Amino acid sequence: MARNNSETTSSSRSTHKIRSSDIANVLSHRLRDEQEEYLVRWRTQTPTASSLRQAICSWHGLSELTRALHHVQRYVEARARAAPPSRGAVGNISAVPSKRKRSSPNDEATLSRDAELGIITPSHSSDRSRATSAIPSETAEEAVHVYNGVLERKEGWIGAKKSKRVPTVEIDATTLPTPHMMEEASATPTKQAARFIREAFQRKLRRVGNLSLVNEVDSTAPSLEFQFVNAYVLGDGVYRADPDTYEGCQKPCRPNMGQHIGCELPRACGCLEYAAVDEDALRRDEPQRHAEYALQMKEGAFVDRTNLPKRFPYKRPQGEHRPQTLQRFYLESRHAIYECNVNCNCGPACKSRVVQKGRRVPLTIFKTPNRGWGVRCSEKLVEGQFIDTYLGELITNDEAEQREQAGPKDKASYLYSLDKFVGDASDITADNCFVVDGQHKGGVTRFINHSCEPNCRQYTVSFNKYDARVYDLAFFAIEDIPAGKELTFDYLDKDEEEEEEVIAKREEAALDPGNMDKVLCNCGATKCRGFLWV
Ligand SMILES: C[S@@+](CC[C@H](N)C(=O)[O-])C[C@H]1O[C@@H](n2cnc3c(N)ncnc32)[C@H](O)[C@@H]1O
């Protein structure tokens, strides 16, 4: 049924929703009957200067916008960026998506990127001469709920259309919001929107499971546009092997070896082919072979690893409800970890299966005072305990470079090159390795902040020993971490340095003009290097 444009559109109990894809953007907000209402500009198929002027705009309560809340979030955060927080408005929003360039208000001939995205800047309101019919008075303006069209409600959805039958209030949509609307908006809080947005993000977390959100700093929530995924999302030109084709360990490995804790064959297990050689065992058991091995390693010669004793990645579980932890050797080295896989003979109880079983610990995304969102665990973690993997879009290096150039200055923080095996006997180079971009699609670990003195580290974990291109990036605790303490890792994974050395370098970095546009590090560690990427 067609709705007259003078009808109220903001029922607080609405069962009819606006589709996210039908909205171009949110232009303003106001309070009516104690309910926040948001002025929505409907999307036109292909935005042209004239279609933007004639775009349908209408006011809606939040219950009609629950499927399109990220548009409200963008509006609220852009507003907070433009003005310092006041009277219940949102505060620190350092982690919101990048700012967009805005189009020249009078440049109709060439549509800017803003216009393509459907963003109309308030500054257009100065060009009143284009209005098809100016709004006569503030009172009339207040009464209007739909401009340039009518709304219809069908099958749970709200749509907008032009109507020849129903008289409509016509206005140059690029003049919205009007100065009066802007004035009203500046005096109106966005608390209800903040609650709707926070609840929507919490619903996302519940769908993932074992995740929560805490914000004791302001009323914001992480971007609703962030999509949680549970595996890499393959981009164009990216490929990975089907798990059915992975080579698994075969006989003599067998299920339930070693009192049901899996593999006990550090020389024979095929999955350990590229695992770290247990040099202590080799020296002790076969001194001659150890001497040959040490020489081959020193000269960079080929090493036949068959039957050399290898190190298992994980310790046996230390009690029924205790987590398995990384062996000290792996914890302290950067050696890749090889786990057993779906085609192995060892069975699911094998001790070389930790990361593949996924996150077991409850994590909380929380707002920090000076580093955007961070992550903590509500349970204590022990040294060597697995936390979670870094996920995201798996893209080519070329694609990553393009995204880095087009993105904000901290884009690099979300990009992780899978370059562990560059330089090994493979055709992988720094220019053709794949890259994980976790900014818009990924897992909770994408919210982990950097520290120059971290309590976690990222390790390479492979289930397919012959694939040097695609592997997991897994976070482990590198010390015991009390419940509630922020989890951090060193984005540059640097080796530890002496304090005086770090301080000297930090002072030098602060004076280097080349670091002027670098992101300052707020980790607060004694050995802080001063910048995120130095
Ligand atoms: C991978 S994200 C971490 C999550 C991020 N805090 C957020 O709110 O989405 C990396 C970004 O967080 C911020 N960040 C992380 N660690 C920081 C630190 N030690 N000091 C300052 N900013 C930091 C920077 O903006 C960086 O680009």
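With an unreviewed UniProt entry as reference, the protein is termed SET domain-containing protein, source organism Neohortaea acidophila. Recorded in UniProt for the protein, the comment headed Subcellular location (unreviewed entry) runs: "Chromosome".

(A) Here's a closer look at the overall build of the protein. Per the secondary structure count, the protein includes 12 helices and 23 strands. A total of 534 residues make up the protein; the buried ones form 36% of that total. Considering only residue pairs separated by 6 or more positions, the protein has 70% of its internal contacts joining residues 24 or more positions apart.

(B) The arrangement of the sheet that holds strand β9 (residues 211-214) in detail. The mixed open sheet is built from five strands, whose spatial order is β9-β13-β14-β23-β20. With partners counted over all chains shown, the strands left at the sheet margins are β9 and β20 (449-450), one partner each. The pairing of β20 with strand β23 (residues 486-489) spans two bridges and is parallel. Residue N449 lies in a different strand from β23, and its bridge partner there is T488.

(C) Highlighting the UniProt feature "domain: Post-SET" (unreviewed entry) in the protein. UniProt annotation of "domain: Post-SET" (unreviewed entry) refers to residues 517-533 when read in the numbering used here. In the segment residues 517-533, helix accounts for 0% and strand for 0%; the C-alpha atoms at its two ends are 11 Å apart.

(D) Representation of unusual backbone geometry within the structure. L176 connects to P177 through a cis peptide bond whose omega is 0 degrees. Mapping P177 onto the fold places it in the loop between β8 (157-161) and α5 (179-186). Cis geometry marks the peptide bond from K251 to P252, where omega comes out at 10 degrees. Along the chain, the position of P252 falls in the loop between β11 (233-234) and α7 (257-260). Positive phi, normally seen in glycine, also occurs at D33, with a value near 50 degrees. Positionally, D33 belongs in the loop between β3 (23-32) and β4 (35-42). The phi dihedral of N210 falls on the positive side, at around 60 degrees, and the residue is not glycine. Here N210 shows up in the loop between α6 (191-208) and β9.

(E) Up close: the sheet that holds strand β16 (residues 393-396). Here we have four strands laid out as an open sheet, ordered β11-β16-β18-β17, and mixed in their pairing. Looking at strand neighbours, the two that pair on one side only are β11 and β17 (415-417), the edges of this open sheet. Helix α11 (residues 397-406) rests against β16, β17 and β18 (434-437) of the sheet, and its axis sits at about 100 degrees to β16.

(F) Representation of the packing of helix α2 (residues 69-82) against α6 in the model. Viewed as axis vectors pointing N to C, α2 and α6 meet at an angle of 130 degrees, and their least axial separation amounts to 10 Å. Judged on the interaxial angle alone, α6 and α2 are oblique. At the point where α2 passes α6, the crossing takes the left-handed sense. Taking contact as the criterion, the partners of L69, V72, Q73 and V76 in α2 are, on α6, A193, F196, I197 and A200. Partitioned by chemical class, the residues of the contact of α2 with α6 number seven nonpolar, one polar and no charged.

(G) Focus on the nonpolar core. Among the nonpolar cores identified, the biggest contains 57 residues, and I387, A474 and F476 are the most heavily contacted of them. In terms of residue count, the dominant contributor to this core is strand β22 (residues 472-477) (five residues). Here I387 is in contact with R359, V361, L381, C456, F475, F476, A477 and L487, once residues within four sequence places are set aside.

About the criteria used
- Residues numbered from 1 in each chain as written.
- Predicted model: local features only at pLDDT ≥ 70, side-chain atom pairs only at ≥ 80, totals over all residues.
- UniProt positions renumbered as here; feature names shortened; annotations may be inferred.
- Helix = DSSP H or I, 4+ residues; strand = E, 2+ residues; numbered from the N terminus.
- Buried ≥ 20, exposed ≤ 12 C-beta atoms within 10 Å, placed from the backbone.
- Contact = placed C-beta atoms within 7 Å.
- Pairing = 2+ DSSP bridges.
- Axes fitted to C-alpha atoms, helices over the stretch in contact; angles between N-to-C directions.
- Parallel < 35°, antiparallel > 145°, perpendicular 65-115°, else oblique.
- Left-handed = near helix turned anticlockwise from the far one by under 90°.
- Nonpolar A, V, L, I, M, F, W, Y, C, P; charged D, E, K, R; others polar.
- Core = buried A, V, L, I, M, F, W, Y, C linked by C-beta atoms within 7 Å.

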